[in-house]
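Coordinate analysis (summary)
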Amino acid sequence: AQSVTQPDIHITVSEGASLELRCNYSYGATPYLFWYVQSPGQGLQLLLKYFSGDTLVQGIKGFEAEFKRSQSSFTLRKPSVHWSDAAEYFCAVGAYTGGFKTIFGAGTRLFVKA
Amino acid sequence: GAVVSQHPSWVICKSGTSVKIECRSLDFQATTMFWYRQFPKQSLMLMATSNEGSKATYEQGVEKDKFLINHASLTLSTLTVTSAHPEDSSFYICSATAEVNTEAFFGQGTRLTVV
């Protein structure tokens, strides 16, 4: 069964500073990996996804993520954070088990200070 | 990406009543739909998997008699919270996939408040 760990419950970053959100996964085969963002009271928005190929993937809103198979990690980064990036970020792993099932990490709440 | 719509976006119901939430795939046929529950400031927890025309498969700890799931067509799945209680208040999110998909498409969620 797949599982996801996000070690940081919350992170505070100054506006304009760089961001790095950590994610580790556990899955027996090649994983499908995702980062989603959720603003308070809202649904999920897909930032980016990784299936295969280049281990550095580009997403929306200036986000990118790096997949490292040797570390079972999928790290989300952004060079310069904007105040509007404050939200909850979920790392997720997907797999085919009777449909494409997505399992989420616990989430990391990002606070942006002026 | 494909569009998944949930209805209603929010609902308030009295304790003891039942409430139905709909999840529709608008522009594709979803062979499989998933239902998640999210408590405030927590992650999304998978409740059940439903395949069109079959009984839903529930995750451990989820009461199947409490949360009735129907997936009668390739574009519609419903979640009915029966005899709702205040502890059932939560944010419910569905997702849908087709066999060719390599990701799930999520609805916008339904905020249920039981008073």
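First, a word on scope: everything that follows refers to the structure included in this document. Since this is a predicted model, take the numbers as computed values, not measurements. (Residues numbered from 1 in each chain as written. Chains lettered and ligands numbered in written order. Predicted model: local features only at pLDDT ≥ 70, side-chain atom pairs only at ≥ 80, totals over all residues. Heavy atoms only, no water.)

**Let's talk about the overall build of chain B**
Along chain B, the regular secondary structure elements total zero helices and eleven strands. Shown N-terminal to C-terminal, the secondary structure of chain B runs as helices and strands in the order β-β-β-β-β-β-β-β-β-β-β. For 115 residues, the compact-globule estimate of 2.2 N^0.38 gives 13 Å, and the C-alpha radius of gyration of chain B, at 13 Å, lies within 12% of that figure. C-alpha extents for chain B along the principal axes are approximately 40 × 25 × 20 Å. Each of the 115 residues in chain B was classed as buried or not, and the buried ones make up 51%. (Helix = DSSP H or I, 4+ residues; strand = E, 2+ residues; numbered from the N terminus. Rg over C-alpha atoms; globule rule 2.2 N^0.38 Å. Buried < 20%, exposed > 50% of the residue type's maximum accessible area, 1.4 Å probe, protein only.)

**As for the overall build of chain A**
Helix and strand counts for chain A stand at zero helices and twelve strands. Seen through its C-alpha atoms, chain A measures out along the principal axes to roughly 45 × 30 × 25 Å. Per-residue burial for chain A yields a buried fraction of 45% across its 114 residues. Taking as baseline every contact in chain A between residues at least 6 positions apart, the subset at least 24 positions apart corresponds to 53%. (Contact = heavy atoms within 4.5 Å.)

**Notes on the packing of aromatic side chains**
Aromatic ring pairs are defined here through the distance separating the ring centres and the angle between the ring planes. Residues and elements named next belong to chain A. All chains considered together, the criterion is met by 15 aromatic pairs over all chains. Between Y32 and F51, the ring centres sit 4.7 Å apart and the planes meet at 70°, which makes this aromatic pair edge-to-face. Of this pair, Y32 sits in strand β5 (residues 32-38) while F51 sits in the loop between β6 (44-50) and β7 (56-58), placing them 19 residues apart in sequence. What makes F51 partly exposed here is its relative accessible area of 22%. (Phe/Tyr/Trp six-rings, centres within 6.5 Å; stacked < 30°, edge-to-face > 60°.)

**Considering the pattern of salt bridges**
For the structure shown, the criterion picks out nine salt bridges over all chains. Its salt-bridge partner being A:K49, residue B:E103 comes within 2.2 Å of it at the nearest N-O pair. Taken together, the residues B:E103 in the loop between β9 (90-97) and β10 (105-106) and A:K49 in strand β6 connect one chain to another. For B:E103, a relative accessible area of 9% puts it in the buried group. Two residues, B:R24 and B:E22, come together in a salt bridge whose shortest N-O distance is 3.5 Å. For B:E22, a relative accessible area of 23% gives the class partly exposed. Connected through salt bridges with shared partners, the residues A:E20, A:E66 and A:R77 form a single ionic network. (Salt bridge = Lys/Arg side-chain N within 4 Å of Asp/Glu carboxyl O.)

**Digging into a nonpolar patch on the surface**
All names here are of chain B. Taken together, the side chains of W10, I12 and V115 make up a nonpolar region of the molecular surface, amounting to roughly 370 Å² of accessible area. Note on placement: W10 falls in strand β2 (residues 10-13). Assessed through its relative accessible area of 60%, W10 is described here as exposed. (Patch = residues over 30% accessible without salt bridge, like charges linked within 9 Å, V, L, I, M, F, W, Y side chains within 5 Å. Areas by Shrake-Rupley, 256 points an atom, 1.4 Å probe, with all protein chains shown as cover.)

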